[in-house]
Amino acid sequence: MKLIILGPPGSGKGTISEKVAREYGLLHISPGELFREEVKKNTPLGREIKQYIEQGRLLPDEFTVQVVKLEVHGKKKYILDGFPRSVAQAKAIEELKVGKVIFLEVSLAEVLKRFAGRRACPEGHTYHLQFSLPHHKGKCDIDGLPLGRRKDDQPRVIKERFKVYQKISLPVVRFYQRKKLLKKVNASGTPEEVYERVRRTLR
Ligand code: AP5
Ligand code: MG
């Protein structure tokens, strides 16, 4: 099973991908997470990536495609979270022959509420102060690491990420619609409700 999950910033791509990956035994590949890991290491590359992320800009297509191709090399079971995000990226991975593309549809107002309460551990496992609490306050259920806010969750950066999404990433949705691979999922409601809708599209 090879899947793609798309949607605006904060639509729940990471939250849903974690659940899908666990239930269906898929590798969860999120370039956003991979990039944040490199930033944490504070390498010269990480410092360059940091500038893009903190300004809400996309990293160059060629670089992102190479990163993803290395990750998926030789693998047959994965979910790509937040990739491809430009038509150029989508065209560059046509050879992977992805089976389904899940598109999380949610309003801007709802997404903004989600950002305000998002917390994540350094490994990228995601929680929400209101909708998805960890078992122990401030600690990740999976690895016990402390939870914090993402650097790009400030209003100014969120606004830029939305602009980029509308201009560069929405055409990717239409690209897969034309290829009849797109499965639109109503992504409002609780994470459990959204996940149930996603499961139905995977049957
Ligand atoms: P990335 O990390 O992919 O960020 P994003 O697309 O902006 O999306 P988010 O991760 O912020 O949100 P999400 O949809 O995963 O939602 P989540 O599950 O966390 O990318 C970051 C940056 O990396 C980009 O800006 C770019 O610079 C770079 N990058 C990444 N991919 C790239 C690419 N392909 N090309 C070039 N550059 C790239 O949920 C949000 C919150 O809501 C959480 O707190 C969660 O607990 C909560 N929540 C989730 N679902 C629900 C629900 N149903 N009800 C209530 N709360 C919910
Ligand atoms: Mg995410």
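This text follows the structure it describes.
Our subject in this report is the structure included herewith. (Residues numbered from 1 in each chain as written. Chains lettered and ligands numbered in written order. Predicted model: local features only at pLDDT ≥ 70, side-chain atom pairs only at ≥ 80, totals over all residues. Heavy atoms only, no water.)

Overview of the pattern of salt bridges
Here the structure, examined in full by the defined rule, presents 14 salt bridges. Close ionic contact of glutamate 95 with lysine 69 constitutes a salt bridge, the shortest N to O distance being 3.5 Å. A residue pair is termed long-range when its members are at least 10 positions apart, and glutamate 95 in the loop between helix H5 (87-92) and strand E4 (100-105) and lysine 69 in helix H4 (residues 61-72) qualify at 26 residues. Given the relative accessible area of 30%, lysine 69 is considered partly exposed. For glutamate 94, the salt bridge is made with lysine 179, and the minimal N-O distance between the two is 3.1 Å. (Salt bridge = Lys/Arg side-chain N within 4 Å of Asp/Glu carboxyl O. Helix = DSSP H or I, 4+ residues; strand = E, 2+ residues; numbered from the N terminus. Buried < 20%, exposed > 50% of the residue type's maximum accessible area, 1.4 Å probe, protein only.)

Focus on the packing of helix H6 (residues 108-117) against helix H7 (residues 155-178)
To characterise two packed helices, one gives the angle between the axes of the helices and the distance between these axes. Closest axis-to-axis distance for the H6/H7 pair is 12 Å, and the angle between their directions is 140 degrees. Taken together, the axes of H6 and H7 are oblique relative to one another. Taken as a pair, H6 and H7 cross one another with a handedness that is right-handed. Listed contacts from H7 to Leu108, Val111, Leu112 and Phe115 of H6 are Ile158, Arg161 and Phe162. Per-class residue counts for the contact of H6 with H7 are 6 nonpolar, no polar and 1 charged. (Axes fitted to C-alpha atoms, helices over the stretch in contact; angles between N-to-C directions. Parallel < 35°, antiparallel > 145°, perpendicular 65-115°, else oblique. Left-handed = near helix turned anticlockwise from the far one by under 90°. Contact = heavy atoms within 4.5 Å. Nonpolar A, V, L, I, M, F, W, Y, C, P; charged D, E, K, R; others polar.)

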